[in-house]
Each structure stands twice: as C-alpha cells, then as structure tokens.
Amino acid sequence: MIITISGPTGSGKTTVARGLAERFQMRHISAGEVFRRMAEERGLSLLEFSKLAEGDATLDREVDERQRAMAREGNAIVDGRLSGWLLEADLKIWLKAPLEVRAARVAKREGKDYDVALRETREREESELGRYKRIYKIDLRDLSPYHVVLETSLWDAEKIVEIVGVMVEGHKEPVR
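Quick look at the structure, then. (Residues numbered from 1 in each chain as written. Predicted model: local features only at pLDDT ≥ 70, side-chain atom pairs only at ≥ 80, totals over all residues. Heavy atoms only, no water.)

**Overview of the overall build of the protein chain**
Keep this limit in mind: The helix and strand labels rest on DSSP assignments: H or I over at least four residues marks a helix, E over at least two residues marks a strand, and numbering proceeds from the N terminus. As defined in this context, the radius of gyration uses C-alpha atoms, and a globule is described by 2.2 Å times the residue total to the power 0.38. We call two residues in contact when some of their heavy atoms are within 4.5 Å. Residue-level accessible areas treat just the shown protein chains as cover; the underlying method is Shrake-Rupley with a 1.4 Å probe.
Along its length, the protein chain carries eight helices and five strands. Listed by position from the N terminus, the elements making up the protein chain come as β-α-β-α-α-α-β-α-β-α-α-β-α. For the protein chain, whose C-alpha radius of gyration is 16 Å, the value lies close to the compact-globule estimate of 16 Å for 176 residues. Of the contacts made within the protein chain by residues no fewer than 6 positions apart, 73% connect residues no fewer than 24 positions apart. Accessible area of the protein chain: about 9,000 Å², with a carbon and sulfur share of 52%.

Given below as structure tokens:
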C-alpha cells in the first residue's frame, strides 16, 4: 500500500506521516527531508534553496525522482507537497491549516520568531506555487487528485493520525 500525505508548509505532513508509518509498520518517505538535506549540502537555508530552485528545475526533479524510486518499493507513507500529484497511491490525503497556524508551527519547530516564520513561509509558498506551475503545470490550489482534504488546526497531531488511521484501516480497492 502507498499512502501520500500532502499539504503546505506547517500543515502537519511529516508529523502525520511519521505517526502513520509507526502505527502501521510502514516506511516513511519525506520529500521535505530530502529537500532540507539538499539545502544543507549546499550550505543554504530552505528559503535560499527554494529561490535557487526557481532557476534550476533539476533540483525539484531530483527530489521527486528520489521519492518515486523509494515509493516503487511499496508499503510506504510518502509525504510531500507534490506526492499526491506525482505518485500512484492507494490513498491520497491533503492536509491544510490557516497560514498563521502553520507559521506558528514552523516557528516552534525551527526555533524562529513568529514574524520571521510567517514571512518565510509566505515567500516559500509563493516560490513553490510558481515553480510547480512552471515545471509541472500543477496548480497546488487544485486539490482534485486527493481522496481526502483534512483541516489540521481542528485537532492535535495524535488525533489527526488517529483519524487518518481509521481511513487507512477501512481502505478498500476502488472499482476501476
């Protein structure tokens, strides 16, 4: 089984994916962690690396190809902004939350001032929106590939994992 967990920065993708992977004894594949590693390898912040990626489509394509290769092995929870668009999956979930909530999560996670996190999150999302439209012809605001859209500001992370877990347990193959 392949499950994708997608959503904007700070929506809870990685937290939920890790929780599901642990609960169901599945591998966790994170596009965001690959992207962060690539930024660190170059000595750049995420925002700087996002700006670099605006002019070099090979960076996004490298992240995506690594993710696809790992997912082909099966039995995985894959989290990433484009995972639901780029992967064949049994269940595709989009997590969302208001920008202010997501920026507060990013500030806490990265030990940043809220205003800095808010500005950087907004800039990063604008960068990604343009890049993905240009590179893939994907509009991240189009949620049509997803089976489920879930507002994560309404529950804590453990409850979101529980809610999605019920979906995974009850999942059945669709009639094609």
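**Considering the pairing of strand β3 (residues 76-79)**
Convention followed: Throughout this description, buried means an accessible area under 20% of the type-specific maximum (1.4 Å probe, protein chains only), exposed means over 50%, and partly exposed covers the range between. Here, any two strands with at least 2 DSSP bridges between them count as paired.
Side chains of β3 alternate between two faces, with Ala 76 and Val 78 and Ile 77 and Asp 79 buried alike. Relative to β3, strand β1 (residues 2-6) runs parallel, the two sharing four bridges. Bridged to Ile 3 within β3 is Ile 77. As defined by bridge partners, strand β2 (residues 27-30) adjoins β3 across four bridges and the pair is classed as parallel. Counted as the bridge partner of His 28 is Ile 77 from β3.

**What to know about the packing of helix α2 (residues 31-41) against helix α3 (residues 46-54)**
Applicable threshold: As a rule, the C-alpha atoms of each element are fitted with a line to give its axis, helices using only the stretch in contact, and angles between N-to-C directions run from 0 to 180 degrees. For classification, angles of less than 35 degrees are called roughly parallel, those exceeding 145 degrees roughly antiparallel, those between 65 and 115 degrees roughly perpendicular, and all remaining angles oblique. As a working rule, the residues Ala, Val, Leu, Ile, Met, Phe, Trp, Tyr, Cys and Pro are called nonpolar, Asp, Glu, Lys and Arg charged, and the rest polar, with Gly in that last group.
Relative to each other, α2 and α3 sit at 90°, their axes nearing to 9 Å. As judged from the angle between their axes, α2 and α3 are roughly perpendicular. Along its contact with α2, which presents Phe 35, Arg 36, Met 38 and Ala 39, the element α3 presents Leu 46, Phe 49 and Ser 50. Broken down by class, the residue content of the contact of α2 with α3 amounts to five nonpolar, one polar and one charged.

**Some words on the pattern of salt bridges**
Side chains that differ in sign of charge can pair as their charged atoms come close. The line we're drawing: Definition used for salt bridges: Asp or Glu carboxyl oxygen within 4 Å of a side-chain nitrogen of Lys or Arg.
According to the stated counting rule, one finds 17 salt bridges in the structure shown. Close ionic contact of Arg 109 with Glu 110 constitutes a salt bridge, the shortest N to O distance being 3.1 Å. You can call Glu 110 partly exposed: its relative accessible area is 30%. In this structure, the salt-bridge partner of Lys 112 is Glu 120, at a minimum N-O distance of 2.3 Å. You can call Lys 112 partly exposed: its relative accessible area is 30%. The network of salt bridges with common partners includes Arg 109, Glu 110, Lys 112 and Glu 120.

**Notes on the packing of aromatic side chains**
For clarity, the threshold we go by: Within 6.5 Å between ring centres, the rings of Phe, Tyr and Trp (the latter by its six-membered ring) count as paired, and their orientation is classed by plane angle as stacked under 30 degrees, edge-to-face over 60, tilted in between. Here, a charge over a ring means that NZ of Lys or CZ of Arg falls within 6 Å of the ring centre while also lying within 35 degrees of the ring normal.
Across all of its chains, the model carries three aromatic pairs by this definition. A centroid spacing of 6.3 Å and a plane angle of 55° characterise the contact between Tyr 132 and Tyr 136, whose relative ring orientation is tilted. Here Tyr 132 and its partner Tyr 136 are both found in helix α7 (residues 114-136), four residues apart, which amounts to about one turn of the helix. We note that Tyr 132, like Tyr 136, is buried. If you follow Arg 61 out to its NZ or CZ, it ends over the ring of Tyr 136, 5.2 Å from the centre.

**Looking at the nonpolar core**
Going by this rule: The nonpolar core is taken to be a set of buried Ala, Val, Leu, Ile, Met, Phe, Trp, Tyr and Cys residues, with the residues joined through side-chain atoms within 4.5 Å.
Formed by 17 residues in total, the largest nonpolar core has its most connected members in Ile 5 and Ile 77. Elements that contribute at least two residues to this core include exactly β1, α1 (13-24), β4 (91-96), β5 (148-151) and α8 (157-169). Non-local contacts of Ile 5, meaning those with residues more than four positions away in its chain, are made with Lys 13, Val 16, Ala 17, Leu 20, Ile 77, Val 78, Asp 79, Gly 80, Ile 93 and Leu 95. Among the nonpolar cores identified, the runner-up in size contains 10 residues, and Met 38, Ala 53, Leu 59 and Val 63 belong to it.

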